[in-house]
Amino acid sequence: MSKKCLYTLLFFCVFTALASVFMRLFLLFPFNEWVGLGTGLALFLAVGALWIAVKKNRAVPYIVCAVNAAASGIGLSSFYVWLGSIPAVWQIAAVWGAYCVFFSCFCLLTNVRFVRDYSAPCTLAFLLLPLAGGIVGVCLSSVAVFSFALFLMIPFAAFLIVLSAKAKNLRAQVKHAAYASYGALLALLIAVFFIIGDSSGSSNGGGTGERGNGFFSRNGYNPYDFYKG
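Presented here is an overview of the structure given in this document. (Residues numbered from 1 in each chain as written. Predicted model: local features only at pLDDT ≥ 70, side-chain atom pairs only at ≥ 80, totals over all residues. Heavy atoms only, no water.)

### A closer look at the overall build of the protein
Then, in step 1: A count of helical and extended segments in the protein gives eight helices and zero strands.
Then, in step 2: What you see in the protein, going N to C, is helices and strands ordered as α-α-α-α-α-α-α-α.
Then, in step 3: Counting contacts in the protein only where the partners sit at least 6 residues apart, residues at least 24 apart contribute 81% of the total.
Then, in step 4: For the protein, the exposed area adds up to about 12000 Å²; of that, 70% sits on carbon and sulfur atoms. (Helix = DSSP H or I, 4+ residues; strand = E, 2+ residues; numbered from the N terminus. Contact = heavy atoms within 4.5 Å. Areas by Shrake-Rupley, 256 points an atom, 1.4 Å probe, with all protein chains shown as cover.)

Laid out in structure tokens, this is it:
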């Protein structure tokens, strides 16, 4: 495994671990579903302003990754407040570990010449495997744990893409990792916003148990029939 792959793998593992921890911590507080999303957006804007102000400082990309990871977890907590169901700690750890192993496998596969010569299609093919697994899991099993797997797919894709970005040294790759953290955070916030925002007009806040509309629905509603609500 090259140093570039190793460093990117470490950034991905730390980013997703921090996001998972902050998500669980934020869920300890009785906020409504919009507080986490708003907090995540505020952190996104604040760390962006920080980078613009002191972008020449070598420590800034590391700070950006850490803050974006925290903001991702806090923003993602809004989805689980809205859903009314939270994945267990061991489930979060299992999903995180699976993604770290999966990312490590891809890093090892980069030693194969075919993967190096056809990086784009190989990256896309590797992304489709966990995506398909997460979708099947949401449809057939617990929404809470498998939706977490789907959401974790976003930073997985972001860091996997920057893995093939041109970088002359570690400093350049750290900047790529910071860009990946920005992209992952923004995509997570947008996804959560559209999921909980789409249902705000037709479902009441609060409650317990898994709920939602459309793709994440577990309340008996048949999306392939006329809605009788």
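From this point, things continue past the structure.
### Some thoughts on the layout of surface pockets
Then, in step 1: Roughly 230 Å³ of internal volume is contained in the largest pocket.
Then, in step 2: Forming the boundary of the largest pocket are 12 residues, of which Cys5, Thr110, Arg116, Leu163 and Ser164 lie nearest the centre.
Then, in step 3: Where the lining of the largest pocket is concerned, the elements lending two or more residues are α5 (113-117), α6 (119-140) and α7 (143-163). (1 Å grid on protein atoms, 1.4 Å probe; cavity = no way out; pocket = protein on both sides within 12 Å on 5 of 7 lines; lining within 4 Å. Points joined across faces, edges and corners; volume = space filled by probe spheres on them.)

### Regarding the side chain of Thr16
Then, in step 1: Residue position: Thr16 is located in helix α1 (residues 3-26).
Then, in step 2: Thr16 sits in the buried class, given a relative accessible area of 1%.
Then, in step 3: A distance of 2.7 Å separates the side chain of Thr16 from the backbone oxygen of Phe12, its partner in a polar contact.
Then, in step 4: If we ignore the near neighbours within four places in the chain, the residues touching Thr16 are Trp96, Leu152 and Pro155. (Buried < 20%, exposed > 50% of the residue type's maximum accessible area, 1.4 Å probe, protein only. Polar contact = N/O pair within 3.5 Å; in protein donor to acceptor, adjacent residues only side chain to side chain.)

### Brief notes about the nonpolar core
Then, in step 1: Of all hydrophobic cores here, the largest spans 59 residues; its most connected members are Phe79, Tyr80, Phe103 and Phe156.
Then, in step 2: For this core, the secondary structure elements donating two or more residues are α1, α2 (33-53), α3 (60-83), α4 (89-109), α6, α7 and α8 (170-199). (Core = buried A, V, L, I, M, F, W, Y, C linked by side-chain atoms within 4.5 Å.)

### Here we look at a nonpolar patch on the surface
Then, in step 1: A grouping of Met1, Leu6, Tyr7, Leu10, Tyr62, Leu108 and Leu170 is seen on the molecular surface, where their side chains present a nonpolar patch of about 620 Å² in accessible area.
Then, in step 2: Of all the elements, α1 adds the most residues to the nonpolar patch, at three residues. (Patch = residues over 30% accessible without salt bridge, like charges linked within 9 Å, V, L, I, M, F, W, Y side chains within 5 Å. Salt bridge = Lys/Arg side-chain N within 4 Å of Asp/Glu carboxyl O.)

### Concerning the packing of aromatic side chains
Then, in step 1: Using the criterion set out here, one finds 18 aromatic pairs in the structure.
Then, in step 2: Each ring, one from Phe79 and one from Phe151, has its centre 5.0 Å from the other, and the planes form 70°; the classification is edge-to-face. Of this pair, Phe79 sits in helix α3 while Phe151 sits in helix α7; the two residues are 72 residues apart in sequence, bridging distant segments of the chain. The pair formed by Phe79 and Phe151 is uniform in burial state, with each residue classed as buried. (Phe/Tyr/Trp six-rings, centres within 6.5 Å; stacked < 30°, edge-to-face > 60°.)

### Some details on the environment of Val60
Then, in step 1: Of note, Val60 is situated in helix α3.
Then, in step 2: Linking Val60 and Leu50, residues 10 residues apart in sequence, is a C-alpha distance of 8.0 Å.
Then, in step 3: Discounting residues that sit within four places of it in the chain, Val60 has contacts with Trp51 and Val54.

### Quick word on empty space enclosed by the protein
By rolling a water-sized probe across the atoms, one finds the places where empty space is left.
Then, in step 1: By the definition in use, this model includes one cavity of 30 Å³ or more.
Then, in step 2: For the largest cavity, the calculated volume is near 70 Å³.
Then, in step 3: Going through the elements one at a time, α1, α3 and α7 are the ones with two or more residues in the lining of the largest cavity.
Then, in step 4: For the lining of the largest cavity, the residue count by class is eight nonpolar, four polar and no charged. (Nonpolar A, V, L, I, M, F, W, Y, C, P; charged D, E, K, R; others polar.)

### Digging into the environment of Phe102
Then, in step 1: The topology assignment puts Phe102 in helix α4.
Then, in step 2: Phe102 sits in the partly exposed class, given a relative accessible area of 23%.
Then, in step 3: Taking the C-alpha atoms as reference points, Phe102 and Phe156, 54 residues apart in sequence, are found 9.4 Å from one another.

### Details of the state of the cysteines
Covalently bonding the sulfur atom of one cysteine to the sulfur atom of another cysteine gives a disulfide.
Then, in step 1: Within this structure, the stated rule accounts for zero disulfides.
Then, in step 2: Just so you know, Cys100 is unpaired, no disulfide at all, and the nearest cysteine sulfur is the one on Cys13, 3.2 Å from it.
Then, in step 3: By relative accessible area, which is 8% here, Cys100 ends up buried. (Disulfide = S-S within 2.5 Å.)

### Digging into the packing of α2 against α3
Then, in step 1: It is the contact of α2 with α3, at a shortest axis distance of 7 Å, that shows an interaxial angle of 165°. Between α2 and α3, the angle falls in the class roughly antiparallel. Once α2 is placed against α3, the crossing between them reads as left-handed.
Then, in step 2: Grouping the amino acids of the contact of α2 with α3 by side-chain chemistry returns 16 nonpolar, seven polar and one charged. (Axes fitted to C-alpha atoms, helices over the stretch in contact; angles between N-to-C directions. Parallel < 35°, antiparallel > 145°, perpendicular 65-115°, else oblique. Left-handed = near helix turned anticlockwise from the far one by under 90°.)

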